[in-house]
Amino acid sequence: MVKKVLKFGGTSVGTTQRIHHVANIIKKEREIGNKIIAVVSAMAGKTNELLSYSKNIDENFEKRELDVLLSSGEQVTCSLLAGALMKLNIEAKSWLNWQIPILTEGEHTNSRIINININKIDEYLNKGVAVVPGFQGISKDGDITTIGRGGSDATAVAIAKIFKADTCEIYTDVDGVYSSDPNKIPVAKKIDKISYDEMLELSSVGAKVMQSSAVQTAMMYDIPLEVRSTFTDRKGTKIFSQENIDYSKSVTGVAYSKDDAKITLIGVEDKPGVAANIFEPLNKNQINVDMVIQNISSDQNTTDITFTIKRDDLVKTKEILKANNKIKYKNISHNDKVAKISIVGAGMVSTPGVTYRMFRGLADSNINILAISTSEIKLSVIIDEEKTLDAVKKLHTIFDLD
Ligand code: ADP
Ligand code: ASP
Ligand code: MG
């Protein structure tokens, strides 16, 4: 008998028929005596639908109220799954965030789980399945909060940690983690096992099959994860620490995201402190700067500074820059039709020439690189958005992943 956290994503609970199917997966686990906590997402598309309602009321809908609205999606699936289990004669009960409670801290729509009370649920697991909503919690003031898009993965991992579960299985609409998004790159291959570090890098640069903060928690507390399909019995991908992982390939995966925008300040004074003056107010306003490039401009006295930020932060960033009287520049330009393409692989550390091969491959496909950033096991470039899939396919091929 083991204690398992099983998380079912939006597509897995996308219709009532699928919820019946999920109930059958859980039934099999109960029949062999396992203790089960099921974490559910909202039905596929629901969170976006709710978000669009809020935008119809006000483009900048107040965030406390947004959390009340968005959290309702998971409440629906929680109840339906508990009902579907009872229909199969499996004892089950749903527990909403405030009933447990799942305590969070941080700002609305982007909170973090800091504690989960286990007492009531742990006792209940001896007799039935606990069904818990992903993506949400309550603050110490008793307000409903959400923990960021894709956050049900983070709920599942936090529950696995606090309840000391033996396994945490992420059931989704693909049968594992692939070398690239299998829905966009059909030649992508399934990865049987992957280290936390590589998964963390891949998810933070666009492989949304796992949410990055969930992987980070799993890595910190050494919680093994398995990503697998709700719709087939095939073995999934195991995510765990580095031992026993073969790094014969320099690159493990290629990911992309279209979440970034690029800003260039043209003709900035070239003297000490200028970069600090540009980025200080951005930092104060929680605007995360990712890549930065500085060039001496043609007049040799000034410099051009290019940096990337989240696309959602573009309007606010430009307002902050324009209001910043500590900096002088000739012009400001932006481009939000860009994509970030990244290669990730622990094998990069020991393989020379990966950077060159990436740049050569992009050049051969006539793809211009607008910005670059690197970490030990990741290399990212910003390119024109319309070349996204060409770039991903090319890199997938040249790094022998097809
Ligand atoms: P869920 O609703 O179950 O949480 P998500 O839509 O968040 O599912 O994540 C699953 C999706 O992630 C897949 O349908 C796939 O299109 C996408 N994806 C992106 N990159 C990868 C990858 N490297 N491997 C597998 N899936 C990926
Ligand atoms: N329903 C939320 C979302 O769509 C959380 C999740 O599915 O993980 O982002
Ligand atoms: Mg997801």
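Residues numbered from 1 in each chain as written. Chains lettered and ligands numbered in written order. Predicted model: local features only at pLDDT ≥ 70, side-chain atom pairs only at ≥ 80, totals over all residues. Heavy atoms only, no water.

Looking at this model, I keep getting lost on the site of ligand 1. Mind explaining?
If you check the shell around ligand 1, you find 16 residues, and the closest are Thr172, Asp173, Tyr178, Asp181 and Asn183. In this structure, an oxygen atom belonging to ligand 1 sits 2.8 Å away from a side-chain N or O atom of Asn183. Of the residues belonging to the shell around ligand 1, the class tally is six nonpolar, six polar and four charged. (Near = heavy atom within 4 Å. Polar contact = N/O pair within 3.5 Å; in protein donor to acceptor, adjacent residues only side chain to side chain. Nonpolar A, V, L, I, M, F, W, Y, C, P; charged D, E, K, R; others polar.)

What is the right way to look at a positive patch on the surface in this model?
A grouping of Arg149, Lys184, Lys208 and Lys258 is seen on the molecular surface, where their side chains present a positively charged patch. Residue placement: Lys184 occurs in the loop between strand 9 (167-172) and strand 10 (193-195). (Patch = residues over 30% accessible without salt bridge, like charges linked within 9 Å, V, L, I, M, F, W, Y side chains within 5 Å. Areas by Shrake-Rupley, 256 points an atom, 1.4 Å probe, with all protein chains shown as cover. Salt bridge = Lys/Arg side-chain N within 4 Å of Asp/Glu carboxyl O. Lys, Arg positive; Asp, Glu negative; His and termini not counted. Charge placed at Lys NZ, Arg CZ, Asp CG, Glu CD. Helix = DSSP H or I, 4+ residues; strand = E, 2+ residues; numbered from the N terminus.)

Help me understand the environment of Lys249 in this model?
Mapped onto the elements, Lys249 comes out in the loop between strand 12 (237-240) and strand 13 (253-257). Other than its neighbours up to four places away in sequence, Lys249 contacts Gly347, Phe399, Asp400 and Leu401. A distance of 3.4 Å separates a polar atom in the side chain of Lys249 from the backbone oxygen of Asp400. (Contact = heavy atoms within 4.5 Å.)

Just checking my understanding: could you explain the side chain of Ser54 for this structure?
With respect to the secondary-structure elements, Ser54 resides in helix 2 (residues 46-57). A polar side-chain atom of Ser54 sits 2.6 Å from the main-chain carbonyl oxygen of Leu51. Aside from chain neighbours lying at most four places away, what touches Ser54 is Phe61, Leu66 and Leu69.

Sorry if this is basic, but what is going on with the pairing of strand 6 (residues 129-133) here?
A regular strand places its side chains on the two faces of the sheet in alternate fashion. Of all five residues that make up strand 6, five are buried, and the element is covered over most of its length. By the bridge criterion, four bridges tie strand 2 (residues 35-40) to strand 6 in an arrangement that is parallel. Bridge assignment links Val39 to a residue of strand 6, and that residue is Val132. Looking at chain direction, strand 3 (residues 92-94) and strand 6 are connected through three bridges and run parallel. Bridging from a neighbouring strand, Lys93 pairs with Ala130 of strand 6. (Buried < 20%, exposed > 50% of the residue type's maximum accessible area, 1.4 Å probe, protein only. Pairing = 2+ DSSP bridges.)

So what exactly am I meant to see when it comes to the side chain of Thr303 here?
Checked against the element boundaries, Thr303 lands in strand 16 (residues 302-310). A residue is classified by how much of its surface remains accessible, and Thr303, at 1% relative accessible area, is buried. In this structure the side chain of Thr303 is engaged in a polar contact, spanning 2.7 Å, whose partner is the backbone oxygen of Asn295.

Would you explain helix 1 (residues 16-31) in this entry?
An α-helical segment advances 3.6 residues per turn. Residues three or four places apart therefore align on the same side. Between the first and last C-alpha of helix 1 there are 22 Å, a value that for 16 residues agrees with the 22 Å anticipated at 1.5 Å per step. Along helix 1, the residues that are buried comprise Ile19, Val22, Ala23, Ile25, Ile26, Glu29 and Arg30. Along helix 1, the residues classed as buried sweep out an arc of 155° about the axis, all on the same side. Looking at helix 1, the residues exposed on the side facing more than 90 degrees away from the buried face are Gln17, Lys28 and Glu31. (Expected span 1.5 Å × (residues − 1). Arc of directions from axis to C-beta.)

Honestly, the pattern of salt bridges in this entry has me stumped. Any pointers?
Two side chains that carry opposite charge are able to pair once their charged atoms sit near each other. For the structure shown, the criterion picks out 22 salt bridges. In this structure, Glu201 and Lys378 form a salt bridge, with 3.6 Å as the shortest nitrogen-oxygen distance. Note that Glu201 is positioned in helix 7 (residues 196-204) and Lys378 in strand 20 (residues 378-384), a separation of 177 residues in sequence. Assigned by exposure class, Glu201 and Lys378 land together as buried. Between Lys271 and Glu269 there is a salt bridge; the shortest N-O distance is 3.7 Å. It is possible to trace a salt-bridge network through shared partners that takes in Lys4, Glu29, Glu169 and Arg228.

Is there a simple way to explain unusual backbone geometry in this structure?
Note on backbone geometry: most residues besides glycine have negative phi, and most peptide bonds are trans. Cis rather than trans, the peptide bond between Ile100 and Pro101 has omega equal to -15°. On the secondary structure map, Pro101 appears in the loop between strand 3 and strand 4 (102-105). Positive phi is not limited to glycine here, since Thr109 has a value of about 70°. Following the sequence through the fold, Thr109 ends up in the loop between strand 4 and strand 5 (112-116).

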